[in-house]
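What follows is the residue order along each chain.
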Amino acid sequence: MEGAAAKEWFLRKHEDGSVFGPLAFERLVRWASAAQIAPHDVLSTDRETWIKAPMVPQLGMDWLVEVTSERCYGPTTLGAIQEFIRLGEINAETFIINSCDGTRKQIAEMPALLHTSDVVENSDATEIAAAPVVTGMSIDVNVRIRELEQSLREERRVLQESEARYHELEKKYFELAQTSR
């Protein structure tokens, strides 16, 4: 994402499809740090090609929060984790995972995270009014199940297509091998 800061960006929220923008990239960075950009939200510079927010490395959405032993939230930013602490959604005993290097730590092992502030850095009244609502970690389990089932169906379809293509190529290979003898 070279030149990300030089482009105007658009943010589309996953929950309701609302679009924010055009936005300076610095504002997106602040929103990501304030838990206003969720892992399933998408970004674009042209409103045609959309990518999931965590795929933009400059946003720093590199952390997974272990909500339960079976469920993680993220990837998200350290700033968002601080916001979740402030909101009481997680605490010092919660584990977080750095998705870049795989390290897993309790929040208590990262004391800087526990120093949260109610003051949003570098913001003015206009920015706060234009910002999306802070995104919590709660996920509708039924929606998540449907998403995973759909993803599984898609993966199975792709696998079947790949296997069919493999068998076609294998058949052509054996036919060519027979004719060259």
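Scroll up to find the structure this text is about.
Everything numeric in this text was worked out from a predicted model, so none of it was measured.

So, on to the overall build of the chain. On a plain count of helices and strands, the chain comes out with five helices and eight strands. Its helices and strands taken in sequence order, the chain reads β-β-α-β-β-β-β-α-β-β-α-α-α from the N to the C terminus. Within the chain, buried positions represent 28% of all 181 residues. Across the chain, the fraction of contacts at a sequence separation of at least 24, relative to all contacts at a separation of at least 6, is 54%. With the model as given, the accessible surface of the chain reaches about 11700 Å², and the carbon-plus-sulfur share is 53%.

As summarised here, the arrangement of the four strands in space is E6-E5-E7-E8, forming an open sheet in which the pairing is antiparallel. With one partner strand each, in any of the chains shown, strand E6 (72-76) and strand E8 (104-106) form the two edges of the open sheet. Taken over all neighbouring pairs, the strand axes of this sheet differ in orientation by 25 degrees on average, direction set aside. Pairing geometry for strand E5 (residues 63-66) and E6, over three bridges, is antiparallel. From the neighbouring strand, Trp 63 faces E6, where its bridge partner is Thr 76. Along the sheet face, helix H2 (residues 78-86) touches E5, E6 and strand E7 (95-98) and points at about 135 degrees away from the line of E6.

So, about helix H1 (residues 25-33). Among all positions in H1, only Phe 25, Leu 28, Trp 31 and Ala 32 are buried. Angularly, the buried residues of H1 cover 115 degrees about the axis, an arc narrow enough to put them on a single face. Taken from the residues just after H1, Ala 35 is the one with a positive phi, measuring 65 degrees.

This part covers the pattern of salt bridges. Overall, the coordinates contain six salt bridges when judged by the stated rule. Here Arg 86 ties to Glu 83 by a salt bridge, and the two come within 2.6 Å at their closest N and O atoms. One end of the pair is Arg 86 and the other is Glu 83, both in helix H2 and three residues apart, which spans about a single turn. With a closest N to O distance of 3.2 Å, Arg 165 and Glu 168 form a salt bridge. Separated by three residues within a single helix, Arg 165 and Glu 168 lie in helix H5 (residues 141-179), roughly one turn from each other. On the basis of relative accessibility, which here comes to 41%, the residue Arg 165 falls in the partly exposed class. Given a relative accessible area of 42%, Glu 168 falls into the partly exposed group. Three or more residues joined by partner-sharing salt bridges are found here, namely Glu 154, Arg 157 and Glu 161.

The subject of this paragraph is the sheet that holds strand E2 (residues 19-24). The strand order across the open sheet built from four strands is E2-E1-E3-E4, with neighbouring strands paired in antiparallel fashion. At either end of the open sheet lies a strand with only one pairing partner, and these are E2 and strand E4 (51-52). Bridging between strand E1 (residues 8-12) and E2 involves four bridges; their strand directions are antiparallel. Among the inter-strand pairings, Arg 12 is bridged to a residue of E2, identified as Val 19. Across the sheet, H1 is in contact with E1, E2 and strand E3 (42-44); its angle to E2 comes to roughly 120 degrees.

Thresholds applied
Residues numbered from 1 in each chain as written. Predicted model: local features only at pLDDT ≥ 70, side-chain atom pairs only at ≥ 80, totals over all residues. Heavy atoms only, no water. Helix = DSSP H or I, 4+ residues; strand = E, 2+ residues; numbered from the N terminus. Buried < 20%, exposed > 50% of the residue type's maximum accessible area, 1.4 Å probe, protein only. Contact = heavy atoms within 4.5 Å. Areas by Shrake-Rupley, 256 points an atom, 1.4 Å probe, with all protein chains shown as cover. Pairing = 2+ DSSP bridges. Axes fitted to C-alpha atoms, helices over the stretch in contact; angles between N-to-C directions. Arc of directions from axis to C-beta. Salt bridge = Lys/Arg side-chain N within 4 Å of Asp/Glu carboxyl O.

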